[in-house]
Every structure is written in C-alpha cells, then in structure tokens.
Amino acid sequence: MLRKWCIPVATLALVGGSMLAATAAASAAASASIGTPRSRHVVVQPGGLARHLTTPFGAHGRGPNAVTSSNWSGYAASGGTGAFSSVSASWVQPTAHCSSGSQYSSFWVGLDGYRSSSVEQTGSEADCSGSTPVYYAWWEMYPGPSHTFSSTVRPGDNFSASVTSLGGGRFSLSISDTTEGWSHTLTKTLSSAKRSSAEVIVEAPCCTGSGGVLPLANFGTVNFTNSQANGSAIGNSRPIEIIMRSSTTKKDSVSALSGGTNFSATWLHQ
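Residues numbered from 1 in each chain as written. Predicted model: local features only at pLDDT ≥ 70, side-chain atom pairs only at ≥ 80, totals over all residues. Heavy atoms only, no water.

## Re the overall build of the protein chain
Rule in force here: Helix numbers and strand numbers start at the N terminus; a helix is a DSSP run of H or I with at least 4 residues, a strand a run of E with at least 2. Throughout this description, buried means an accessible area under 20% of the type-specific maximum (1.4 Å probe, protein chains only), exposed means over 50%, and partly exposed covers the range between. Residue contacts follow a heavy-atom distance rule, with two residues in contact if any of their heavy atoms lie within 4.5 Å.
Broken down by element type, the protein chain carries one helix and 17 strands. Relative to its full complement of 270 residues, the protein chain shows a buried share of 53%. If you take every contact in the protein chain between residues at least 6 apart in sequence, the share linking residues at least 24 apart comes to 71%.

Given below as structure tokens:
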C-alpha cells in the first residue's frame, strides 16, 4: 500500500469528513497488505483551517483540556517550538481479536504532529488479516516512510520506547521488547522538526485507497505506564486528552491519568 498523509478533519464539525462510509472503508482496507508501511499520522491540529480542526469534546467529563480525533487517542503535551526534547512510555503489547477483514491498531510514543507537520515516532502494531493477528514494531520520521523491524513481537510482550532530541535536528529513536529480549536504537535527522509536542498514542492508521482512516483492530485494552515528557511525568505538562471517534461513534475509551504517567485505552468500535 502506498503511504499517504491522512488529511486532518474535524470529526464533529464535518459529518463523515475524514471517515469513509463503513462499506467503503472495509472494501478498501480489505485490499491492504498487513505489515506494509502506512501513514500513522495525526488528525489533530487545533490551529489552521476549519477542516483541520479537532472539536473539543466537552461532554467527556475531564474538563476543557480534551479534543476528539478520527484516528488518535491518548495524551499529547503541547507547547511552542522547541518545548519538548523527549518522550517515553512503556506498554504491554495487546492481543488483536480478529474474525474477518483487515483492521489495524498502533501504539507509540512520539514528538511533534499535534501542532506540526512532522512526526518522529516509534511503536508497535496489532493488526488483523482475516482471523489471523499480525504483530510487529516500527519507526517513522514523517514525512519519510515508516519502517518495520524484523524482530519478533507477541501479545503480552513488555515494550518501552522513547524519542529524544539530540540537537541540530537529530533524534534518537529507541524501542525495546524485554520479553523477547531485543532492542533497537536509531539516530535519524529531520531538520524541519518543531519539537512542539510530545505524545503517547493509540492510533487507527491511515490510509484506505481514498485516503481515509483504516478500521481500528479490536485490541482489547492496552495499558501505558511511566509516560514522560521532558524526563518527568507527562501529567506535569498539562497534556491534552485525545478521544478517538468518527462523526457518530466513539472508537475507544481512554482512562484518566493515574499518578500523572499511567493510563489505559479500551477498544469500543472499529
């Protein structure tokens, strides 16, 4: 599948904007090749044109510091250019509950993307190819393509990952699976990176053949722990809670931060 930028769309302001009709999405996703690099990018951009806005979801009950997205959920700390130099978190690789068709789910940490057009990120995947789960880990420096690691990933594996600015547009991307006993650390350069946000995210990746969001795989519940931005609890940076939903359907449920670092996300709908 060719990688495409998933155009940000206001999920509440534009009915049907970024999500295709269910039948169209299922049809396009069915032709996708599981494990092929795909765009995993934000559809949250609080600034800019109306079609790029994410509508605050005030009914969520955790105050005004929450937004909705058609393909992200989790927490994002946001600031000015250069505000964030590192992000890290740990999680347990969830099980993909598969029956038919193709669905996708990503779990990652990254810098940028919330208010900028680059994303420096690394994480893991739990996808469905029909009734068969597919697991792997990957990294990406958008606008470059994503790259899949060949290392074994199984449900229940303990992951830790981080993205750290080294200065001069250079970044260290690290991910480890302590259960399987492997780790990878890469140094990559992206001179255009703003370092204006830090995120710990569950994602329904992009793209269908028409550029829409792919169906979210049933990952059950994923637990993130020790989520940090700039070396301290991400909760200290007053992060924005991101709620994943289409125009009418909430896709997963994100818990409040516990201890400023821990939260869970539970699948609700593809």
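## Points about the nonpolar core
Selection criterion: Here the nonpolar core consists of buried residues drawn from Ala, Val, Leu, Ile, Met, Phe, Trp, Tyr and Cys, with membership extended through side-chain atoms lying within 4.5 Å.
With 44 residues, the main nonpolar core has W91, F107, V109, V200, V202, V222 and F224 as its most contacted residues. When residues in this core are grouped by element, the largest group, four residues, is from strand β7 (residues 132-142). Setting aside anything within four residues of it in sequence, one finds V222 in contact with W91, V92, P94, F107, V202, F263, S264 and A265. Counting twelve residues, the second-largest nonpolar core is a separate cluster that includes V67, V119, Y142 and I240.

## Brief notes about the state of the cysteines
This is how the line gets drawn: Sulfur atoms of two cysteines make up a disulfide when they are within 2.5 Å.
Under the criterion given, the structure shown has one disulfide. A sulfur-sulfur distance of 2.0 Å marks the disulfide that ties C98 to C128. The sign of the S-S torsion, about -80 degrees, decides the handedness of the disulfide formed by C98 and C128: left-handed. Residue C98 is located in the loop between β3 (86-92) and β4 (102-103), and its partner C128 is located in strand β6 (residues 119-129); the two are separated by 30 residues in the primary sequence.

## What about the packing of aromatic side chains?
Inclusion rule: Each aromatic pair joins two rings of Phe, Tyr and Trp (for Trp, the six-membered one) with centres within 6.5 Å, and gets the label stacked for planes under 30 degrees apart, edge-to-face for over 60, and tilted for any other angle.
Enumeration according to the criterion identifies eight aromatic pairs in this entry. Ring geometry for W72 and W108: centres 5.0 Å apart, planes at 75 degrees, overall edge-to-face. Residue W72 is found in strand β2 (residues 72-78), and its partner W108 is found in strand β5 (residues 106-111); the two are separated by 36 residues along the sequence. Take W72 and W108: they sit in the same class, and that class is buried. Between F159 and W182, the aromatic rings sit 5.8 Å apart at their centres with planes inclined by 75 degrees, giving edge-to-face as the arrangement. Here F159 is found in strand β9 (residues 158-167), whereas its partner W182 is found in strand β11 (residues 182-189), with 23 residues between them in sequence. Neither residue differs from the other here; F159 and W182 are each classed as buried. Among the aromatic residues, those joined into a ring-pair cluster are Y75, W91, F149, F159, W182, F224 and F263.

## Quick notes on the pairing of β2
Selection rule: We treat two strands as partners when DSSP finds at least two bridges between them.
For β2, the tally of buried residues reaches six of seven residues, placing the bulk of the element in the interior. Two strands pair when backbone bridges link them, and β2 and strand β12 (residues 197-203) are joined in this way by seven bridges, in the antiparallel orientation. Among the inter-strand pairings, G74 is bridged to a residue of β12, identified as I201. Pairing geometry for β2 and strand β15 (residues 240-244), over three bridges, is antiparallel. Its bridge partner being in β15, Y75 is matched across the sheet by E241.

## Notes on the pattern of salt bridges
Where charged atoms from two side chains of opposite charge approach closely, those side chains can pair. Which entries qualify depends on this criterion: By salt bridge we mean one thing: a side-chain nitrogen of Lys or Arg within 4 Å of a carboxyl oxygen of Asp or Glu.
One pass over the structure, following the stated rule, counts one salt bridge. The salt bridge involving E180 is made with R154; its shortest N-O contact spans 2.8 Å. One end of the pair, E180, is in the loop between β10 (170-177) and β11; the other, R154, is in the loop between β8 (146-148) and β9, and 26 residues separate them in sequence. In this structure E180 comes out as partly exposed when scored by relative accessible area, which is 26%.

## Quick look at the pairing of β5
For β5, a buried count of six out of six residues is recorded, marking the element as mostly surrounded by other parts of the structure. Judged by which residues are buried, β5 turns out to be covered on both faces: S106, W108 and G110 on one side and F107, V109 and L111 on the other are all buried. One ladder, built from six bridges, connects β5 with β6; its direction is antiparallel. Directly across from S106, in β6, lies its bridge partner E125. In terms of strand pairing, β5 meets β12 through six bridges, oriented antiparallel. In the strand pairing of β12, S106 is matched with E203.

## Some remarks on the environment of T132
Locating T132 in the fold gives a position in strand β7. For T132, a relative accessible area of 44% puts it in the partly exposed group. T132 sits 32 residues away from S100 along the chain, and the two C-alpha atoms are 8.4 Å apart.

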